Amino acid sequence: MIRFTEVSKRYPNGFQALSRVSFHLERGGMAFLTGHSGAGKSTLLKLITRMETCSQGQVLVDGQNVARLPSRRVPGLRRSMGIVFQNHHLLFDRTVFDNVAVPLVIAGLPHGEVRRRVHAALDKVGLLSKEKLYPIALSGGEQQRVGIARAVVHRPPLLLADEPTGNLDPELSAEIMGLFEQFNQVGVTVLVASHDLALIRAMGQRVLTLARGELAQGGVPA
Ligand code: ADP
Ligand code: ADP
């Protein structure tokens, strides 16, 4: 599903954020991406979503060379992914239901189908009873669950998360990571970036470790 081959990223200011990173995450697989702050985790995810393009090497997502994709096909690439952010980017003037519905409304799905899918997604994250509330009325962990429901509501085959537990206490963090595992168990390919090594070790999943832009663990030897 994701294949990096000798991927390097140098930002316009000359900073080398990634150096010759190679790994493969198979369809239906799951991995955590870790490393200290500044190690290159966000950069690596941005190469997958085409928020950035690599300077050298090749990034394949579902067989597509992401850097070479014409810009008219970038929205389609992003629709094949669910993306969860640390600050979940919820709309505070809309209910939980309406927040989760956003991707489906944009896609123009009929009203009944939107309802059905939003309810299925909220059910998966345990928030069905809170659909009419506004995000301000939810705890931090619940807000992040809404962000996850929104990321999966269009049933993407690939789920990416960038520090999804950054603002949560350890117990809630473990619950959120457990949710990602559940999506993986129904066939979704999952890649989660987190600097929380203790939590990641406890999950017992594959770990990719970045150190100053190089893959120090979990990749393919150069
Ligand atoms: P992480 O997610 O592991 O904290 P990042 O990928 O955000 O790491 O950043 C890796 C390095 O790249 C950092 O030193 C950061 O300052 C640098 N960096 C990130 N974005 C840019 C940019 N747009 N221009 C220049 N340097 C950047
Ligand atoms: P339905 O098939 O009726 O949409 P499900 O009970 O199978 O309902 O749950 C669908 C929900 O599962 C989605 O709304 C989403 O939350 C989550 N999901 C996301 N991607 C997948 C996937 N590839 N396979 C199964 N479930 C997924």
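Above this text you will find the structure in question.
Definitions and cut-offs
Residues numbered from 1 in each chain as written. Chains lettered and ligands numbered in written order. Predicted model: local features only at pLDDT ≥ 70, side-chain atom pairs only at ≥ 80, totals over all residues. Heavy atoms only, no water. Helix = DSSP H or I, 4+ residues; strand = E, 2+ residues; numbered from the N terminus. Rg over C-alpha atoms; globule rule 2.2 N^0.38 Å. Buried < 20%, exposed > 50% of the residue type's maximum accessible area, 1.4 Å probe, protein only. Contact = heavy atoms within 4.5 Å. Areas by Shrake-Rupley, 256 points an atom, 1.4 Å probe, with all protein chains shown as cover. Lys, Arg positive; Asp, Glu negative; His and termini not counted. Charge placed at Lys NZ, Arg CZ, Asp CG, Glu CD. Near = heavy atom within 4 Å. Polar contact = N/O pair within 3.5 Å; in protein donor to acceptor, adjacent residues only side chain to side chain. 1 Å grid on protein atoms, 1.4 Å probe; cavity = no way out; pocket = protein on both sides within 12 Å on 5 of 7 lines; lining within 4 Å. Sits in = over half its atoms within 2 Å of the grid points. Salt bridge = Lys/Arg side-chain N within 4 Å of Asp/Glu carboxyl O.

We now examine the overall build of the chain. Per the secondary structure count, the chain includes seven helices and 10 strands. The globule rule puts the C-alpha radius of gyration for 222 residues at 17 Å, and the 17 Å found for the chain is close to it. With respect to the three principal axes, the spread of C-alpha positions in the chain is 50 × 40 × 35 Å. Each of the 222 residues in the chain was classed as buried or not, and the buried ones make up 49%. If you take every contact in the chain between residues at least 6 apart in sequence, the share linking residues at least 24 apart comes to 70%. For the chain, the computed accessible surface area is about 11,000 Å², with 50% contributed by carbon and sulfur atoms. Looking at the chain, you have 26 positive and 18 negative side-chain charges, and the mean spots of the two groups are 9 Å apart.

Taken together, the residues surrounding ligand 2 are Arg116, Arg117, Ala120, Ala121, Lys124, Val152, Arg155, Pro156, Phe183, Val186 and Val188. Between ligand 2 and Lys124 there is a distance of 2.5 Å, counted from an oxygen atom to a side-chain nitrogen or oxygen. Expressed as a share of its isolated accessible area of 540 Å², the protein-covered part of ligand 2 is 73%. Mapping ligand 2 onto the cavity grids shows that it belongs to the second largest pocket.

Attention now goes to the environment of Gly57. Within the secondary structure, Gly57 is located in strand 4 (residues 56-61). Owing to a relative accessible area of 45%, Gly57 belongs among the partly exposed residues under this scheme. Along the chain, Gly57 and Ser8 lie 49 residues apart, while their C-alpha atoms are 6.3 Å from each other. The contact partners of Gly57, leaving out residues within four places of it in the chain, are Thr5, Glu6 and Val7.

The next subject is the pattern of salt bridges. Going through the model one piece at a time under the given rule, you end up with eight salt bridges. In this structure, Arg27 engages Asp62 in a salt bridge whose closest nitrogen and oxygen atoms are separated by 2.6 Å. One end of the pair, Arg27, is in the loop between strand 2 (16-25) and strand 3 (30-34); the other, Asp62, is in the loop between strand 4 and strand 5 (64-65), and 35 residues separate them in sequence. Under the relative-accessibility criterion, Arg27 is labelled exposed at 54%. With a relative accessible area of 42%, Asp62 lands in the partly exposed category. In this structure, Arg117 engages Glu113 in a salt bridge whose closest nitrogen and oxygen atoms are separated by 3.1 Å. Within this pair, Arg117 and its partner Glu113 are both found in helix 4 (residues 111-124), separated by four residues, close to a single helical turn. The class for Arg117 is partly exposed, based on a relative accessible area of 21%. When its relative accessible area of 25% is taken as the criterion, Glu113 is described as partly exposed. One connected set of salt bridges, linked through shared partners, spans Glu113, Arg116 and Arg117.

Geometry only, nothing functional implied.
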